[in-house]
Amino acid sequence: GGGRRVSVGVKNDKNTNTVRDQQQLIMAQLDSLAMNMETMMQKMNQFETRLDEEQKEKEKNEAMSLQLFSQLQTQINLMQARMKKLELNVNVDPEQQKLKAWLDSTDGLADYYNVFIGHDITDFSALSLMNMQDIENMGIDNLQHQMLILRKVLELNQSNKNQL
């Protein structure tokens, strides 16, 4: 009976060794998987970092492009305004030049030159007939400017009477 125990014991030792070997193999495989996962996580983090940097660079470039576009649009608008001003001053007849000088001689009225021209008030004969209603109808709603224009018209009419 004692021999069986020994053989059973040896068999149990073999089984124990086999189980330990399998556990060690499984542990080694788990360690390997854990290392592979760690490597993959590091690569994913590097990839995310690179994507974030590329996204930030893209957003920065888009912001710079929008800013540049806005600056260019502003410059274009300024140039268009200057061109319109120049167009209005090109081929101005002497009567219109007199009207411009007359408006320029009073602070605040120079900006109304285009309003006068736009309403076909292009010379002193039309100007001398103006009244407050005409000034309002032209869209000049600043009361101080209305009064200045009216005073200048009255002065113009007075000087024309004195010249006759």
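Residues numbered from 1 in each chain as written. Predicted model: local features only at pLDDT ≥ 70, side-chain atom pairs only at ≥ 80, totals over all residues. Heavy atoms only, no water.

K.L.:
If you had to explain the overall build of the protein to someone new, which residues and values would you point to?
P.N.:
Each helix and strand counted, the protein has six helices and zero strands in total. Along the chain direction, N to C, the helices and strands of the protein fall in the order α-α-α-α-α-α. A burial count over the protein gives 16% of its 164 residues as buried. The long-range fraction of contacts in the protein, counting pairs at least 24 apart against all pairs at least 6 apart in sequence, stands at 49%. When the accessible area of the protein is evaluated, it comes to approximately 13300 Å², of which 55% is carbon and sulfur surface. (Helix = DSSP H or I, 4+ residues; strand = E, 2+ residues; numbered from the N terminus. Buried < 20%, exposed > 50% of the residue type's maximum accessible area, 1.4 Å probe, protein only. Contact = heavy atoms within 4.5 Å. Areas by Shrake-Rupley, 256 points an atom, 1.4 Å probe, with all protein chains shown as cover.)

K.L.:
Can you break down the pattern of salt bridges residue by residue, with the values?
P.N.:
Tallied over the entire structure, the rule returns four salt bridges. A salt bridge links E54 to R50, with the nearest nitrogen and oxygen atoms 4.0 Å apart. Taken together, the residues E54 and R50, both in helix α1 (residues 2–89) and four residues apart, mark about one turn of the helix. For E54, a relative accessible area of 46% corresponds to the partly exposed category. You can call R50 partly exposed: its relative accessible area is 47%. Close ionic contact of K98 with E95 constitutes a salt bridge, the shortest N to O distance being 3.3 Å. Separated by three residues within a single helix, K98 and E95 lie in helix α2 (residues 94–104), roughly one turn from each other. K98 sits in the partly exposed class, given a relative accessible area of 43%. (Salt bridge = Lys/Arg side-chain N within 4 Å of Asp/Glu carboxyl O.)

K.L.:
Can you lay out unusual backbone geometry for me, pointing to particular residues and giving the numbers?
P.N.:
One non-glycine residue, D120, adopts positive backbone phi at about 60 degrees. Within the fold, D120 resides in the loop between α3 (113–118) and α4 (124–127). Using a relative accessible area of 62% as the deciding quantity, one classes D120 as exposed.

K.L.:
Run through α2, naming residues and quoting values.
P.N.:
Every α-helix winds through 3.6 residues per turn, so residues three or four apart in the chain are directed the same way. Among the residues of α2, those classed as buried are Q96, L99, W102 and L103. In a view along the axis of α2, the buried residues occupy a sector of 115 degrees, so they form one face of it. Against the buried residues of α2 lie α3, α4 and α6 (143–163). Capping the start of α2, D93 holds a side-chain oxygen 3.0 Å from the backbone nitrogen of E95, two or three residues further along. (Arc of directions from axis to C-beta. Polar contact = N/O pair within 3.5 Å; in protein donor to acceptor, adjacent residues only side chain to side chain.)

K.L.:
Which residues make up the confidence of the model for the protein, and what values do they have?
P.N.:
Looking at the protein as a whole, its pLDDT mean stands at 87, while 88% of the residues score no less than 70. Ranking the elements of the protein by mean pLDDT puts α1 last, at 85, and helix α5 (residues 132–137) first, at 95. Counting interchain partners and residues more than four positions distant, the pLDDT-below-50 stretch residues 4–8 has zero contacts. (pLDDT = per-residue confidence, 0-100.)

K.L.:
Can you explain the side chain of Q146? Please cite residues and give values.
P.N.:
For Q146, the location among the structural elements is in helix α6. Among all residues touching Q146, those that are not within four sequence positions of it are M132, I135, E136, I140 and D141.

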